[in-house]
Amino acid sequence: MQFNPDKKKFFVIIVLFFLLNAQLSAVGWPQKKGRAWFKLSTQITVADEFYEPGGHKVPITTLGDYTTSLYGEYGITDGLTVFAYIPFFKRITLNRLEGETSGMEFFPGDEVNGFADSDVGLRYRLAGLGATVISGTFLLGLPLGNDNQKNGLYTGDGEMNRMLALEVGHSFHPAAMFATLTLGFNNRVNGYSDEIRYGFELGYSPGARWLLIFRAGGIEPLRNGVDETKGGSGGLFANNQQYLSFGPEINYRITEQVGISLSATSATHAENVVSAVSYGVGVFYSY
Amino acid sequence: MKQKTLLLTAGLALIFVSCVGTDFINEPSPDADPAKLRIVTTVTAIRVDSMLQFRVEAVEADGNINTGIMPLWRSSDSSIVGITPGGLATGLQSGQAWVHAYLPGYTGDSLLLGVVENETVLASIMISPQSAVIRTGDSLQFNATAFDLSGNVIDSVQFNWSGSNGMIVSIDSSGLAFGKSGGMAEIVAAAQGVFSLPAQIEVRDSVRTGSFESNPANRYAVSGSVQLGYDQNGDLLLKFGSDFKTDNGPGVYIYLTTAPHSLTPDHIELGPILSVNGAQTYTVPAAVGLFQYDYVLVHCKPFNVPFGSARLE
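Residues numbered from 1 in each chain as written. Chains lettered and ligands numbered in written order. Predicted model: local features only at pLDDT ≥ 70, side-chain atom pairs only at ≥ 80, totals over all residues.

Once that is clear, we can look at the overall build of chain B. Across its full length, chain B holds one helix and 31 strands. Counting across all 313 residues of chain B, residues that qualify as buried make up 30%. Considering only contacts within chain B whose residues lie at least 6 apart along the sequence, 55% involve residues at least 24 apart. (Helix = DSSP H or I, 4+ residues; strand = E, 2+ residues; numbered from the N terminus. Buried ≥ 20, exposed ≤ 12 C-beta atoms within 10 Å, placed from the backbone. Contact = placed C-beta atoms within 7 Å.)

Moving on, we get to the overall build of chain A. Assigned secondary structure in chain A consists of one helix and 16 strands. Counting only residues that meet the buried cut, chain A has 47% of its 287 residues in that class. For chain A, the proportion of contacts with a sequence separation of at least 24, taken over those separated by at least 6, is 59%.

On to the sheet that holds strand 5 (residues 105-107) of chain A, then. The three strands are arranged 5(A)-4(A)-1(B) in an open sheet whose pairing can be described as mixed. Looking along the sheet, the strands with just one partner apiece sit at the ends: strand 5 of chain A together with strand 1 (22-25) of chain B. Averaged over all pairs of adjacent strands, the angle between their axes in this sheet comes to 35 degrees, without regard to strand direction. (Pairing = 2+ DSSP bridges. Axes fitted to C-alpha atoms, helices over the stretch in contact; angles between N-to-C directions.)

A separate point is the interface of chain A and chain B. Taken together, the 44 residues of chain A in the interface contact 35 residues of chain B. Put simply, the parts of the chain that give the side of chain A that touches chain B at least two residues each are strand 1 (36-51), strand 2 (57-75), strand 3 (80-94), strand 4 (96-99), strand 5, strand 6 (110-114) and strand 16 (278-286) of chain A. Per-element accounting of the side of chain A that touches chain B gives the leading share, seven residues, to strand 2 of chain A. Classifying every residue of the side of chain A that touches chain B by side-chain character gives 15 nonpolar, 19 polar and 10 charged. Bridge analysis of strand 4 of chain A against strand 1 of chain B gives four bridges, and the strand direction is parallel. The residue bridging A:Glu98 from the neighbouring strand is B:Phe24, located in strand 1 of chain B. (Nonpolar A, V, L, I, M, F, W, Y, C, P; charged D, E, K, R; others polar.)

The next point concerns the pairing of strand 19 (residues 176-179) of chain B. Residues and elements named next belong to chain B. Only one face of strand 19 is covered, namely the one carrying Ala177 and Gly179; the face carrying Leu176 and Phe178 has none of its residues buried. Inspection of the sheet shows strand 14 (residues 139-141) paired to strand 19 by three bridges, in the antiparallel sense. The residue bridging Gln141 from the neighbouring strand is Leu176, located in strand 19. Between the antiparallel neighbours strand 18 (residues 169-171) and strand 19 lie four residues, among them Gly175 with a positive phi of about 90 degrees.

Further remarks concern the nonpolar core. All names here are of chain B. Core analysis: the biggest nonpolar cluster contains 47 residues, and Val296 and Val298 have the highest contact counts within it. Not counting residues up to four positions away in its chain, the partners in contact with Val298 are Phe212, Val222, Thr246, Val252, Ile254, Ile273, Phe307, Gly308 and Ser309. With 19 residues, the next largest nonpolar core counts Ala58, Ile83, Ala97 and Ala101 among its residues. (Core = buried A, V, L, I, M, F, W, Y, C linked by C-beta atoms within 7 Å.)

The next point concerns the environment of A:Tyr204. Position of A:Tyr204 among the secondary structure elements: in strand 11 (residues 195-204). Along the sequence, A:Tyr204 and A:Phe214 sit 10 residues apart, while their C-alpha atoms lie 8.8 Å from each other.

A few words on the sheet that holds strand 7 (residues 72-75) of chain B. All names here are of chain B. The sheet built from four strands is open, its strands ordered 3-11-10-7 with mixed pairing. The open sheet is flanked by strand 3 (45-47) and strand 7, the only strands paired with a single partner. Strand-to-strand, the axes of this sheet are offset by a mean angle of 30 degrees, without reference to chain direction. By the bridge criterion, four bridges tie strand 7 to strand 10 (residues 95-102) in an arrangement that is antiparallel. Counterpart to Arg74 in the pairing with strand 10 is His100.

Before going further, it helps to spend a moment on the pairing of strand 3 of chain A. Residue and element names in this part refer to chain A. Taken together, the 12 bridges between strand 2 and strand 3 define a ladder with antiparallel strand orientation. Of the residues in strand 3, the one forming a bridge with Asp65 is Ile92. With antiparallel pairing between neighbouring strands as the criterion, strand 2 and strand 3 make up a hairpin whose turn holds four residues. Direction of pairing for strand 3 relative to strand 6: antiparallel, over a ladder of five bridges. Considered in strand 6, the bridge of Ile92 is made with Val112.

Across chain B, the average pLDDT comes to 88, with 93% of residues at or above 70. Both scores are available for the predicted complex, with the pTM at 0.69 and the ipTM at 0.76. (pLDDT = per-residue confidence, 0-100.)

So, on to the environment of A:Gly136. All names here are of chain A. Looking at the element boundaries, Gly136 is found in strand 8 (residues 132-142). Gly136 gets classed as partly exposed once you count the C-beta atoms within 10 Å, which come to 16. On a C-alpha basis, the gap between Gly136 and Thr182 in space is 9.5 Å, while along the polypeptide they are 46 residues apart. Those residues in contact with Gly136 that lie beyond four places of it in its chain are Tyr124, Leu126 and Leu166.

This part covers unusual backbone geometry. Residues and elements named next belong to chain A. Omega for the bond connecting His173 with Pro174 falls within 30 degrees of zero, at 20 degrees, which places this linkage in the cis form. By secondary structure assignment, the location of Pro174 is in the loop between strand 9 (162-171) and strand 10 (177-187). Residue Arg223 is not a glycine yet carries a positive backbone phi of 55 degrees. Mapping Arg223 onto the fold places it in the loop between strand 12 (210-221) and strand 13 (242-253).

Residues and elements named next belong to chain B. Tracing the chain through its elements places Phe212 in strand 23 (residues 207-214). Note on Phe212: 24 C-beta atoms within 10 Å, which makes it buried. Residues contacting Phe212, with those up to four places away along its chain left out, are Val222, Ser223, Gly224, Val226, Phe244, Val298, Gly308, Ser309 and Ala310.

Written as structure tokens, this is what we have:
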């Protein structure tokens, strides 16, 4: 399919197409009225190390986390967008443990499959200052996953968190670049600590079909929760999780409406999270 | 376009069938037994002026038996038993002496050899049991039997019983031992100037205590006191003190192990932790003895992370 969009208009579309990230959305641009954007993706993380509460890596049983999700946005008005992140299939595997010399089975391994915690939210355009857009986001975390698995293979945290975030997006037009910043406060309940969430994105489009993004973001827990909260110090939905994640994302538009994306994310400055590179692959669609 | 879609679909499908693999634990290897000498001669007494060739074998560290080894020999009383460098013993006068076999790099062995004037006199004394374990407050009856040189039992012998440490175990004139406090001691029966081989007796306290310490390999915190002991029904119970506290985690279990901060192959799993703080009690399987395991381990089982352990004193 051939298309030859006007550069400026095209770049705005690019931003709308690509910068809407599900979990740490650092995007200041709401959708236009009646416009929608969807992304079907899978995130793969296989880890054999864990950042313990002191921030040091400790070896753990190899854990696999495979999350397939659907993310969607729809412009209710030009300034108000509704979005949802639905991880409709989460598969977690935990390896079997066997003694190297004795051959004794220490742990039989485990696996779970299921629906995971989801997010719904609204993004509202607060102000537009030339090439800069400021938006506010309200996100509601829906505890649709399972937070009661004997070996800690949780697909949810069992609490309905509420996050308020301020997002700033800036286009460097005529350069095919943009940057975004996000700062949010995530209010968590059921003994989990509240969190400060932050994000940064720098995007560059080297050609009509390509968009490269460097993304960084993280969580700083306020440590005002309860130590004994389910999930504990070592679970996948542990209390007081902290990290600074970063990594590239490559997006390629196959047609005007359909494209694919690949990403890799690592983390540092971390506590209570697994240590591994997380890989993402997805296909997106818009109208 | 169709090919790309198929490729993507296949990639996503892989996620749904990803398997549970196997990780291998580097287990702590048990300490190898040191090489040791073993006197294989079973004679316990000889006549004056007769000779006895001692034989020995070596049990190497790898468990192999070496019968060609040439140890050094020594007699505890060379006026009673003389012995040559080749292990040939001679009875010189009535009495008893220890014959020692030794060699650098090996744990030595000894045998108590009696020397008698004739066939009919008391030549050796055996007591049973030869080793025993009792708890403090418990009693154990020892029995002694006297033999002449031919191995015939000599009746109506009055034995004198003695113990090596009266603080640990006491023994009365009938051979009834009583455990007084934890430790090791030896019991000997004697009659007519002849002594038995000592029997080994271990007296164990009925309660062991310890304090939890965090695993220095990570920052998970575990603290508090723990006690392992028998209740009035004879059940072995592991009790955490009210000061116990541990970090939480998924699948935290309690184990008895033989090494600190480590899930040894011979571990016993007592079950998932009942609470991350405060007093709690676990019942230890009946087949487990009070002194079988020296450590209590708080361990994240599914993720194989030892949080901390307590050494039982």
